[in-house]
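Observations on the three-dimensional arrangement
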Amino acid sequence: MNYARFLTAVSAARKPSPIRVLTELQQRSPPSLISLAGGSPNPNTFPFQSASIKVKGGEALVMDEPLMKRALQYSGSYGIPELLSWMKDLQKSLHNPPTTGYSPERGQMEMCVTTGSQEGLCKIFEMLVNSGDNVLLDAPTYSGTLAALQPLGCNLINVASDQHGMIPADLRKILERWDPADAQKPGSSVPRVLYTIPNGGNPTGASMTCERKQEVYELARKYDFLIIEDDPYYFLQFQKPWAPTFLSMDVDSRVLRTDSFSKILSSGLRIGFVTGPKPLVERVVLHIQASTMHTSTFTQLMVSQLLHNWGPGGFLKHIDGVIEFYRSQRNTMLSSADKWLKDVAEWHPPMAGMFLWIKLKGIKDTQQLIMERALEKEVLLVPGGVFHINSSDPCPYVRAAFSLSTPQQIDEVQHIFTDIFMYIML
Ligand code: PMP
């Protein structure tokens, strides 16, 4: 793959920071190395000494003095080696990407840690999206993605989706505007990037079938575009076996995948990952070097200790418990919706994630309903418009999250909501 043609001018101009390179070296070198190189402060001057963190039902995480000194210090921009290698092993076991081993045709998989997957996405967009570019995405989509993309001045092209995610036939129809032979010509307007949320979509709750992914991947090969697979709800799939990912079918090295620990370990710790072809991940790291420099060393060490204590089996066991919780919440949401909303709304049961996407019958737009009437009754839902490219376009949907509320609250909200809805329909 010739990745140079995918890069923005800003990204192509990014150069490795010589100081950051030394930090990576320092991280991998024996402790006997005497370094007068980097501008690291002396951690002996810091007020923190050690930490011990209780883990529910497990061993405490202890950060003794030497470890704490490391936790409080700058670290490499890819992420700390022990967290990265743990995650690379997990990634290989879950997705078995064809790009795992180096081969001249396929390149090599690489990973870096990001401060939540949001940082990964922002850096990827900064790397790949120029003003005026055509970018494909399934709208409605995550408002954080729209917030990151829209100011870049690109032209967002909405590919239709349903409860099974992006519709390949619609994508094919859109792409027919272009000749695939033009894709590699300089200045070509053929889209170079497609963004999608393949599991438990935010806001739709939709999960893409394997067949659809294969069709989209074939179109990516034909028109030579990259796929950004934003998959923070991958670990919240209610049914096993989990769906094959774009990464798992990436024979050409054209998939950049973002993962997140936000929904399974902690959203406040801000740990995410970018996985993809080495030349692109290396460049994402250049963007990190010039901005955040690295994800908090303390956070990475804490998470890495937890994962190493657990081992891959313990991690997956923990995930099973999290899934069990969300599955039960989803079921509560669906039975309340059946009880209260059957006559006034439509929805599809989500197979992953934490959202129910509800379409209200006979109503054009939910903005006023939510922001005025529902708030008056102390009920908060998200009006569907915010997930569209043009947020002021009328939208008859609302997004209801089933992550935080108790079963009683979930039921009560839907009861109140039906009342409000009936009132405005009268
Ligand atoms: N992508 C999607 C689809 C999301 O829903 C979210 C969080 N709401 C993110 C990315 C960002 O997640 P984080 O930065 O916490 O990993």
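These figures come from a predicted structure and were not determined experimentally. (Residues numbered from 1 in each chain as written. Predicted model: local features only at pLDDT ≥ 70, side-chain atom pairs only at ≥ 80, totals over all residues. Heavy atoms only, no water.)

1. As for the overall build of the chain
For clarity, the cut-off: Elements are defined by DSSP. Helices are runs of H or I of four residues or more, strands are runs of E of two residues or more, and each kind is numbered from the N terminus. A radius of gyration in this sense is built from C-alpha atoms; the matching globule rule multiplies 2.2 Å by the number of residues raised to 0.38. Accessibility here uses a 1.4 Å probe with only protein chains present; expressed as a share of the type maximum, an area under 20% marks a residue as buried, one over 50% as exposed, and anything in between as partly exposed. The contact criterion used is simple: two residues touch if any of their non-hydrogen atoms lie within 4.5 Å.
Helices and strands together make up the secondary structure of the chain, namely twelve helices and 15 strands. Compactness check: the chain gives a C-alpha radius of gyration of 23 Å against a globular reference of 22 Å for 426 residues, within 12% of the reference. With the C-alpha coordinates aligned to their principal axes, the bounding extent of the chain is approximately 80 × 55 × 35 Å. Counting all 426 residues of the chain, 51% fall into the buried class. A fraction of 73% describes how many contacts in the chain between residues 6 or more apart in sequence connect residues 24 or more apart.

2. Re the sheet that holds strand 14 (residues 382-383)
Across a sheet, paired strands are connected by hydrogen bonds in the backbone, their directions being either parallel or antiparallel. The line we're drawing: Paired strands, as defined in this entry, are two strands with at least two bridges between them according to DSSP.
A sheet is described by the order of its strands in space; here four strands give the open sequence 12-13-15-14, paired in antiparallel fashion. Sheet topology places strand 12 (345-346) and strand 14 at the edges, where each strand pairs with a single neighbour. By the bridge criterion, two bridges tie strand 14 to strand 15 (residues 397-401) in an arrangement that is antiparallel. Bridged to Pro 383 within strand 15 is Val 398.

3. Overview of the packing of aromatic side chains
Using the following cut-off: Whether two aromatic rings pair depends on their centres lying within 6.5 Å, for rings of Phe, Tyr and Trp, where Trp uses its six-membered ring; planes under 30 degrees apart make the pair stacked, over 60 edge-to-face, and the rest tilted.
Overall, the coordinates contain twelve aromatic pairs when judged by the stated rule. Measuring from ring centre to ring centre gives 5.1 Å for Phe 325 and Tyr 326, while their planes differ by 80°; the resulting arrangement is edge-to-face. A residue is classified by how much of its surface remains accessible, and Phe 325, at 40% relative accessible area, is partly exposed. Tyr 326 gets classed as buried once you look at its relative accessible area, which sits at 11%. On the basis of an interplanar angle of 10° and a centroid distance of 4.7 Å, the ring pair of Trp 357 and Tyr 397 is categorised as stacked. On the criterion of sequence distance, the pair formed by Trp 357 in strand 13 (residues 355-360) and Tyr 397 in strand 15 is long-range, its members being 40 residues apart. Owing to a relative accessible area of 9%, Trp 357 belongs among the buried residues under this scheme.

4. As for the environment of His 348
Take His 348: it is sitting in the loop between strand 12 and strand 13. The exposure class assigned to His 348 is partly exposed, which follows from its relative accessible area of 44%. Taking the C-alpha atoms as reference points, His 348 and Ser 248, 100 residues apart in sequence, are found 27 Å from one another. What His 348 contacts, discounting residues up to four positions off in sequence, is Gln 163 and Leu 356.

5. Topic: the site of the ligand
We apply this condition: When we say a residue is near a molecule or strand, we mean one of its heavy atoms is within 4 Å of it. Here a polar contact is taken to be a pair of N or O atoms separated by no more than 3.5 Å, where protein atoms must pair a possible hydrogen donor with a possible acceptor and residues adjacent in sequence count only if both atoms sit in side chains. For accessible areas, the Shrake-Rupley method is used with a probe of radius 1.4 Å. Any residue's cover is judged against the shown protein chains and nothing else.
With respect to spatial proximity, 14 residues lie near the ligand, and among them Ser 117, Asp 230, Tyr 233, Ser 260 and Ser 262 are the closest. One of the side-chain nitrogen or oxygen atoms of Asp 230 is found 2.7 Å away from a nitrogen atom of the ligand. Side-chain polar atom of Ser 260 to an oxygen atom of the ligand: 2.6 Å apart, as the coordinates give it. Taken by itself the ligand offers 400 Å² of open surface, and the protein chains cover 91% of this. Residue contributions to the shell around the ligand peak at four residues, all from helix 5 (residues 116-128).

6. Re the environment of Leu 175
For Leu 175, the location among the structural elements is in helix 7 (residues 168-175). A relative accessible area of 0% means that Leu 175 is categorised as buried. A sequence separation of 39 residues divides Leu 175 from Leu 136, and the C-alpha atoms of the two residues are 9.7 Å apart. Residues within four places of Leu 175 in sequence aside, it is in contact with Leu 136, Pro 191, Leu 219, Tyr 223 and Phe 225.

7. Digging into the sheet that holds strand 10 (residues 255-260)
Rules: The convention used is that axes are lines fitted to C-alpha atoms, helices contributing only their stretch in contact, and that angles between N-to-C directions extend from 0 to 180 degrees.
Taken together, the seven strands give an open sheet; going across it, the order is 3-11-10-9-8-4-5, and neighbouring strands pair in mixed fashion. Both edges of this open sheet fall to strand 3 (109-114) and strand 5 (155-159), since each of them pairs with a single strand only. Neighbour-to-neighbour, the strand axes of the sheet open up by a mean angle of 20°, direction not taken into account. Of the strands in this sheet, strand 3, strand 10 and strand 11 (272-277) are in contact with helix 4 (residues 81-95), which crosses strand 3 at around 125°.

8. Side note on the pairing of strand 8 (residues 193-196)
Which entries qualify depends on this criterion: Handedness of a crossover is defined as follows: with both strands directed away from the viewer, a clockwise route from the first strand across the helix to the second makes it right-handed.
The alternating pattern of strand 8 places Val 193 and Tyr 195 on one face and Leu 194 and Thr 196 on the opposite face, and all of these are buried. Between strand 8 and its parallel partner strand 9 (residues 226-230), the chain crosses via helix 8 (residues 210-223), and the hand of that crossover is right-handed.

9. Structural notes on helix 7
Keep this limit in mind: The reported arc concerns the directions from the helix axis to the C-beta atoms and nothing else.
Of all the positions in helix 7, only Pro 168, Leu 171, Ile 174 and Leu 175 are classed as buried. The arc that holds every buried residue of helix 7, seen down its axis, measures 120°, which confines them to one face. For helix 7, the elements touching its buried residues are strand 4 (134-138), strand 5, strand 7 (165-166), strand 8 and helix 8.

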